[in-house]
Amino acid sequence: MNEVRIALRNVGHIDPMSIDEYIQAGGYEALKKARKMDRGGLIETIEETSRLRGRGGAAFPTGKKWSSAYKNDSEVKYIVCNADEGEPGTYKDRVIMEGDPHTVIEGILIGAYAVGAKECFIYVRGEYENSIKLLRNAVKQAEEKGLCGDTVIKVVSGAGAYVCGEGTAIVNSLEGVRGEPRLKPPSMAVAGLHKKPTIVNNVETFAVIPEIITKGADWFGAIGSEKYPGTKLMCMSGDVENKVCVEVPTNATLRDVVEGFGGGVANGKKLKAIQLGGSSCGFVTPDQLDTPIDFDSIRAIGASLGSGAVYVIDESRNIVDILAEIAKFYRHESCGKCSPCREGTMRIAEILEKFAAGEGSKADIELIESMSGYMQKSCFCPLGQSATTAFISALKLFPEDFDAKLRKEA
Ligand SMILES: Cc1cc2nc3c(=O)[nH]c(=O)nc-3n(C[C@H](O)[C@H](O)[C@H](O)COP(=O)(O)O)c2cc1C
């Protein structure tokens, strides 16, 4: 299996500070081509022919989102490129932004033309100083070459809150209020930033748009799997030999990714599990390695593709130690807006800390299980609703790890 590089096609080949090198590599031709297309037809191409689905985690059809904003007759519409990338173990958007910022800018400008947006934002997490510098340079260069026309792109630095990667929380943050989620509906495409139609798409989603226009939506739609075509960036971390980010067609298997590109488990150890998709997702076991990395195949085995994070866990680990770290993260990142998440993440972190120290009890497990049920049903946003997904998955797959952490007399 070889990489198929669409979002990463220029990474390592051009100077990310140079618009001329991007243009020499064929850059901004797609924008010119798109602007000659009828806007409805352009969206239809993305929606029906390319069948592109968002790469930020939820895999929502990109063309469908664009279509509802396009059809809205509001005079003001916005585009937001989600570059918050707060998911632990995820660094794919940084690889794109630092290697080829112009593909992101070009994708955004095509989207802006398609839906009729004049103001666009790239919301980048504050820790990504280099990405911010490169994107600002790229926007300035595109403006100087007259490529932006009357469309303005602003690069905004976030403060590093995990919840600010969620579409409605980004919009709050951009409005200058607390980075907390908003109630949906209405969807962002109906009433987002300043209550105007707003498209929120991930960096990777925007990054493939120029190539879809240049090479044709049919070409893209024929790559990878039928229902989730194209490529996906997967980033490996944890107990893997090569901690790398790769772009593979969506019919590649987890084995291709972890054993092929990742070089397998580090130090000759055996694979215990993979936490796939990020901290809010469950675990995949070695017998599931032949599953293709398309959204639906992964869902069919009860897991999630999420952001494309591949956290490899070797046989020597006790999963409870990992769960305790995840719980700490959620306690820190809960925004506090709703009490089930604010209190639930706090209590779960306390209990798991105790468990990891070998002081757990069966009653603790039952307590977390029942709290998980409440949190899934009553938390305001997916942050709290999925804060215990990893715990529930681990309890099913690795009950012996919990037993090993029980207090001796418990
Ligand atoms: C807690 C939380 C954090 C999220 N963080 C990100 C993020 O860092 N980047 C991202 O693109 N999407 C993130 N999302 C998903 C976004 O809400 C949204 O679905 C996505 O940006 C849409 O873009 P796409 O359709 O191109 O995938 C997050 C969602 C939640 C609930």
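Residues numbered from 1 in each chain as written. Predicted model: local features only at pLDDT ≥ 70, side-chain atom pairs only at ≥ 80, totals over all residues. Heavy atoms only, no water.

Engineer: Residues and numbers for the site of the ligand, please.
Structural biologist: Surveying the vicinity of the ligand reveals 18 residues, the closest of which are Gly56, Asn82, Asn201, Asn202 and Thr205. Within the backbone of Glu85, one N or O atom sits 3.0 Å away from an oxygen atom of the ligand. Within the backbone of Gly165, an N or O atom sits 3.2 Å from a nitrogen atom of the ligand. Expressed as a share of its isolated accessible area of 620 Å², the protein-covered part of the ligand is 86%. Top contributing element to the shell around the ligand by residue count: strand 4 (residues 198-202), with three residues. Across the shell around the ligand, the residue classes tally to four nonpolar, nine polar and five charged. (Near = heavy atom within 4 Å. Polar contact = N/O pair within 3.5 Å; in protein donor to acceptor, adjacent residues only side chain to side chain. Areas by Shrake-Rupley, 256 points an atom, 1.4 Å probe, with all protein chains shown as cover. Helix = DSSP H or I, 4+ residues; strand = E, 2+ residues; numbered from the N terminus. Nonpolar A, V, L, I, M, F, W, Y, C, P; charged D, E, K, R; others polar.)

Engineer: Lay out helix 3 (residues 39-50) with the relevant residues and their values.
Structural biologist: Since the α-helix packs 3.6 residues into each turn, any two residues three or four apart lie on the same face. Here helix 3 spans 15 Å end to end across twelve residues, near enough to the 16 Å set by a 1.5 Å rise per residue. Those residues of helix 3 that fall on the buried side of the exposure criterion are Leu42, Ile43, Ile46 and Ser50. Looking straight down helix 3, one finds that the buried residues subtend no more than 105 degrees of arc, so they occupy a single side. The secondary structure elements touched by the buried residues of helix 3 are helix 2 (29-36), helix 4 (62-71), helix 6 (101-115), helix 9 (203-215) and helix 10 (217-221). Of the residues flanking the end of helix 3, it is Arg51, one or two places downstream, whose phi is positive at about 55 degrees. (Expected span 1.5 Å × (residues − 1). Buried < 20%, exposed > 50% of the residue type's maximum accessible area, 1.4 Å probe, protein only. Arc of directions from axis to C-beta. Contact = heavy atoms within 4.5 Å.)

Engineer: Provide a residue-level description of the pairing of strand 4, including the pertinent values.
Structural biologist: Most of strand 4 is tucked away: five of the five residues are buried. Residues Thr198, Val200 and Asn202 of strand 4 are buried on one face, and the alternating residues Ile199 and Asn201, pointing to the opposite face, are buried as well. By the bridge criterion, five bridges tie strand 1 (residues 78-83) to strand 4 in an arrangement that is parallel. Looking at the pairing, Ile79 lines up with Ile199 of strand 4. (Pairing = 2+ DSSP bridges.)

Engineer: Would you mind going over the sheet that holds strand 3 (residues 152-158) in detail, with residue names and values included?
Structural biologist: Across the sheet, four strands lie side by side as 3-2-1-4; this open sheet has parallel pairing. For this open sheet the edge positions go to strand 3 and strand 4, each flanked by a neighbour on one side alone. Going across the sheet, the axis of each strand differs from the next one's by a mean of 20 degrees, ignoring polarity. Both strand 1 and strand 2 (residues 119-125) contribute to a ladder of six bridges, which runs parallel. Within strand 2, the position partnered with Ala83 by the bridge is Val124. (Axes fitted to C-alpha atoms, helices over the stretch in contact; angles between N-to-C directions.)

Engineer: Kindly report on the nonpolar core, identifying the contributing residues and their values.
Structural biologist: In terms of nonpolar packing, the biggest core is built from 59 residues, with Tyr28, Trp66, Ile79, Ile105, Ile108, Ile122 and Val124 touching the most fellow members. Looking at which domains feed residues into this core, each of domain 1 (19-221) and domain 2 (231-314) gives three or more. Among all residues touching Tyr28, those that are not within four sequence positions of it are Ile19, Tyr22, Ile23, His102, Ile105, Glu106, Leu109, Ala142 and Leu147. (Core = buried A, V, L, I, M, F, W, Y, C linked by side-chain atoms within 4.5 Å. Domains from an automatic or database assignment.)

Engineer: Describe the domain arrangement of the chain, and please don't skip the residues or the numbers.
Structural biologist: Segmentation of the chain into domains returns domain 1 (19-221), domain 2 (231-314) and domain 3 (319-403). Taking the mean C-alpha position of each, domain 1 and domain 2 sit 26 Å from one another. Contact with domain 1, which involves 16 residues of that partner, is made by 19 residues of domain 2. Run the count over domain 1 and domain 2 and you get two salt bridges. Residues Asp296 and Arg53 are paired through a salt bridge, measuring 3.0 Å at the closest nitrogen-oxygen approach. One can count eight residue pairs in polar contact (both at pLDDT 80 or more) joining domain 1 with domain 2. Looking at side-chain class alone, the side of domain 1 that touches domain 2 contains seven nonpolar, four polar and five charged residues. (Salt bridge = Lys/Arg side-chain N within 4 Å of Asp/Glu carboxyl O.)

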